[in-house]
2 protein chains.
Amino acid sequence: SEGSVVLIGAGPGDPDLLTLRAVRALQEAEVIVHDKLVDPRVLDYARRDARRVYVGKSRASHTCSQAQINEILIAEARAGHRVARVKGGDPYVFGRGAEEIAALRDAGIRTEVVPGLTAALGCGAAAGIPLTHRDLASGVTILSGHGLKGEPALDWSALARLNHTLVIYMGLANLAFLSARLIEGGLSRATPAAIIENGTRPDQRIVAGTLSDLPALATARGLTGPALIMVGDVVALSDALPEAARKRLVPLRFAS
Amino acid sequence: SEGSVVLIGAGPGDPDLLTLRAVRALQEAEVIVHDKLVDPRVLDYARRDARRVYVGKSRASHTCSQAQINEILIAEARAGHRVARVKGGDPYVFGRGAEEIAALRDAGIRTEVVPGLTAALGCGAAAGIPLTHRDLASGVTILSGHGLKGEPALDWSALARLNHTLVIYMGLANLAFLSARLIEGGLSRATPAAIIENGTRPDQRIVAGTLSDLPALATARGLTGPALIMVGDVVALSDALPEAARKRLVPLRFAS
């Protein structure tokens, strides 16, 4: 029979945040190809007899190169298997899903993409931080906190001018750099900002402060896990923060 | 017993894109408060004996004001009911969810937010358009295409400078305005752009062209439904477009 590959967005961590379609696609797969960012509890929805292929990929250690992952997917599909390629978050947001789909399409493999909750959404709900707000953030901008060669080259002043909630993925290692560039770009040092570590998981931690003091807070709290950084006045609305922290972060626009 | 309100993100339309937690929350609710953007098939997951309260809200006709909606939610919860407030997409992305949560919290009502797939993710997968891409879009920026008084006041040159995929919600009525401002702001007239109408639903339609000709295409095709606008080189990768359209939209960066 003809093989196929479905790219499944596994969401931010909490398996309850899988979509119905993702669960169904997991249950239909004969081969599961997954990486580090996928919560093990998500894979519990797979069939017991499904073969699992771990292809690694954390920021530090690339177990498989992207080319190798593509080769594995193509080979498994050509062998006639229904393959589920499971990715954390959404396959089309920093997941290199587009590259995998392009490689598979070039190889003539049937593909499907099942969207998933990207971390910004899961962490927003879990941390009580709205991503937009009529008075505080006219939109949301999602960016990567690391570039191909380490620190990202971004248009900091354009980002500062948007009046958007900025959501930074994979930015913890470069947090001091990001904070400094955004302030140089024009954001107030007092802009509320938070780090959500292991968002939506039982070990979730939230550290909130201002854009200027967040790097020191992250170091003091010893954050190391997968983390999302949120920058913007909406952070001060978080109902997950202690009252004292919220008061300190009162949105500038509401200050006298 | 104590009442409560859960804000549920119902996703972009296709009920298969509900999360497991959203389905569970729907099934637990005694009162369902919903608006126009929620697909009727989503509400099929509610209990049969749940009471449904329609609070309207399309762009044109506000059946209930936000203040009235807040009052309904507070009154139902104070009557001891478990209330599900169901919103299209994600409650914290242009859903005014933050305002409802704030009103409920002020009233002492227990609340919970269940995140949902915002339309950008659902439409990206359904239209075969990746939101980020290592070569074509370093991030994704989500904005509203209508302002409090009609046309939105945005920083067009900042948006143009981001090199992000721009995803515009509720922008169809202002499409000619948006296209002109983004071009004035610095985006190429030839930037690939698409409209996804009724994204993820059986009646989904995709119209793709360039940033400059998209308004005329939208008029010619008679688009009227809930629609998402995507602007950026990634649109040219859509596997939902006919080959000829894709060729015409070849990303500038790859052109000779």
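Refer to the preceding data block for the structure.
Residues numbered from 1 in each chain as written. Chains lettered and ligands numbered in written order. Predicted model: local features only at pLDDT ≥ 70, side-chain atom pairs only at ≥ 80, totals over all residues. Heavy atoms only, no water.

1. What about the overall build of chain A?
In step 1: Counting its regular elements, chain A contains 9 helices and 10 strands.
In step 2: The C-alpha radius of gyration of chain A comes to 20 Å, within 12% of the 18 Å expected for a compact globule of 256 residues.
In step 3: C-alpha atoms of chain A, sized along the principal axes, occupy 70 × 35 × 35 Å.
In step 4: Across chain A, the fraction of contacts at a sequence separation of at least 24, relative to all contacts at a separation of at least 6, is 66%.
In step 5: Of the roughly 10,200 Å² of accessible surface on chain A, 51% is carried by carbon and sulfur atoms. (Helix = DSSP H or I, 4+ residues; strand = E, 2+ residues; numbered from the N terminus. Rg over C-alpha atoms; globule rule 2.2 N^0.38 Å. Contact = heavy atoms within 4.5 Å. Areas by Shrake-Rupley, 256 points an atom, 1.4 Å probe, with all protein chains shown as cover.)

2. Looking at the pairing of strand β8 (residues 192–197) of chain A
Residue and element names in this part refer to chain A.
In step 1: Of all the 6 residues making up β8, 6 are buried; the element is thus mostly covered by neighbouring parts of the structure.
In step 2: Residue alternation in β8 divides its side chains into two sets, P192, A194 and I196 and A193, I195 and E197, and both sets are buried.
In step 3: The pairing of β8 with strand β9 (residues 205–210) spans 6 bridges and is classified as antiparallel. Pairing of I195 across the sheet is with V207, part of β9.
In step 4: Across 5 bridges, the pairing between β8 and strand β10 (residues 227–231) is antiparallel. Bridge assignment links A193 to a residue of β10, and that residue is V231. (Buried < 20%, exposed > 50% of the residue type's maximum accessible area, 1.4 Å probe, protein only. Pairing = 2+ DSSP bridges.)

3. Regarding the sheet that holds strand β10 (residues 227–231) of chain B
In step 1: Pairing within the open sheet is mixed, and its 10 strands lie in the order β9(A)-β8(A)-β10(A)-β7(A)-β6(A)-β6(B)-β7(B)-β10(B)-β8(B)-β9(B). Each edge of the open sheet carries a strand with a single partner, namely β9 of chain A together with β9 (205–210) of chain B. Ignoring which end each strand starts from, the neighbouring axes of this sheet average 15° apart.
In step 2: The sheet contacts of helix α7 (residues 175–185) of chain A involve β7 (165–169), β8 and β10 of chain A, and relative to β7(A) the element is tilted by about 155°. (Axes fitted to C-alpha atoms, helices over the stretch in contact; angles between N-to-C directions.)

4. Here's the deal with the interface of chain B and chain A
In step 1: At the interface, 54 residues of chain B touch 54 residues of chain A.
In step 2: Across the chain B/chain A interface, buried area totals approximately 4,400 Å², and carbon plus sulfur atoms make up 60% of it.
In step 3: For the pair chain B and chain A, the interface holds 8 salt bridges.
In step 4: Two residues, A:D16 and B:R24, come together in a salt bridge whose shortest N-O distance is 3.0 Å.
In step 5: At the boundary of chain B with chain A, the tally comes to 25 residue pairs in polar contact (both at pLDDT 80 or more).
In step 6: Elements represented by at least two residues in the side of chain B that touches chain A include exactly α1 (20–28), α4 (97–106), α5 (119–127), β6 (139–144) and α6 (156–161) of chain B.
In step 7: Top element by residues in the side of chain B that touches chain A is β6(B). It accounts for 6 residues.
In step 8: Residues that form the side of chain B that touches chain A fall into these classes: 28 nonpolar, 14 polar and 12 charged.
In step 9: Where strand β6 (residues 139–144) of chain A meets β6(B), 5 bridges bridge the pair, whose relative direction is antiparallel. For A:I142, the partnering residue across the bridge sits in β6(B) and is B:V140. (Buried area = accessible area lost by both parts, 1.4 Å probe. Salt bridge = Lys/Arg side-chain N within 4 Å of Asp/Glu carboxyl O. Polar contact = N/O pair within 3.5 Å; in protein donor to acceptor, adjacent residues only side chain to side chain. Nonpolar A, V, L, I, M, F, W, Y, C, P; charged D, E, K, R; others polar.)

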